[in-house]
Amino acid sequence: MIKNILQFSHQLLADAVQVGETVIDATCGNGNDTIFLSNLVGDSGTVLAFDIQKQAIDSTKRRLIDEARQNVKLIHDGHERVTTYLLKEQKHGIAGAIFNLGYLPRSDKTIITKSESTLQAIQQILDYLKTNGVVVIVIYYGHEGGLEEKENVITFVKQLDQSAYHVLRYEFINQKNNPPFVVAIQKRKEKLNK
Ligand SMILES: C[S@@+](CC[C@H](N)C(=O)[O-])C[C@H]1O[C@@H](n2cnc3c(N)ncnc32)[C@H](O)[C@@H]1O
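Just so you know, these numbers come straight off a predicted model, no measurement behind them. (Residues numbered from 1 in each chain as written. Predicted model: local features only at pLDDT ≥ 70, side-chain atom pairs only at ≥ 80, totals over all residues. Heavy atoms only, no water.)

Visitor: Go over the site of the ligand with me, naming the residues and quoting the values.
Guide: If you check the shell around the ligand, you find 22 residues, and the closest are N30, D51, Q53, H79 and E80. Here a nitrogen atom of the ligand sits 3.5 Å away from a polar atom, N or O, in the side chain of D33. Considering the ligand on its own, with 610 Å² of exposed area, one finds that the protein chains cover 95% of that surface. Classifying every residue of the shell around the ligand gives seven nonpolar, eleven polar and four charged. (Near = heavy atom within 4 Å. Polar contact = N/O pair within 3.5 Å; in protein donor to acceptor, adjacent residues only side chain to side chain. Areas by Shrake-Rupley, 256 points an atom, 1.4 Å probe, with all protein chains shown as cover. Nonpolar A, V, L, I, M, F, W, Y, C, P; charged D, E, K, R; others polar.)

Visitor: Tell me about the pattern of salt bridges, residues and numbers included.
Guide: Taken as a whole and assessed by the stated rule, the structure comprises seven salt bridges. Of the charged contacts in the structure, one is a salt bridge between D43 and R69, with a shortest N-O distance of 3.2 Å. Residue D43 is found in the loop between α2 (32-41) and β2 (46-50), and its partner R69 is found in the loop between α3 (54-66) and β3 (72-75); the two are separated by 26 residues along the sequence. Assessed through its relative accessible area of 17%, R69 is described here as buried. For D58, the salt bridge goes to K54, with nearest N and O atoms at 2.9 Å. Taken together, the positions of D58 and K54, both in helix α3 and four residues apart, correspond to about one turn of that helix. Using a relative accessible area of 24% as the deciding quantity, one classes D58 as partly exposed. (Salt bridge = Lys/Arg side-chain N within 4 Å of Asp/Glu carboxyl O. Helix = DSSP H or I, 4+ residues; strand = E, 2+ residues; numbered from the N terminus. Buried < 20%, exposed > 50% of the residue type's maximum accessible area, 1.4 Å probe, protein only.)

This is how it looks when you write it as structure tokens:
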């Protein structure tokens, strides 16, 4: 079966991430991806989960309590400050990260991710990504301001050096109403100079 956007984004992370590793949910919202990542890395791993909205942090906190997950550090701050929150040992290699761009469902539609901070966060995470680690970006762009962010993210990822990163786009091209699509970046093994 062809995987839907959620299934595909989670499959990419499941293939790249091992138990015990550190991963990032850059836009935790209601915590769906946070819970997924928490189970993926297990009790010995760590999830750093960011959101600028207190409502999102509270909502994710409730989910974590309900599901008795204790390996998540919830951070009420912008993902563009991710480097500030990485411990020295975590800078040795982030295994995976996910972004869901757009606004929090059933909430204030004017609080959206914005390309400047999104790109800053992606770049910082790429700097600390382990070899074969993956950054998954689920791009929702039907809302006001969404198209600009989509274009800027695509422009940024297209110029990433192909010898350093695999970059893909996964989308359903016969769906109406601006369906979300996935952009994924995987860090390649560094080639030794001959
Ligand atoms: C599409 S929603 C995320 C949905 C979430 N993955 C879920 O499972 O419910 C996007 C979220 O990004 C948050 N956001 C916007 N700008 C942000 C920033 N600079 N840093 C962190 N989160 C941000 C919004 O508050 C919103 O909750």
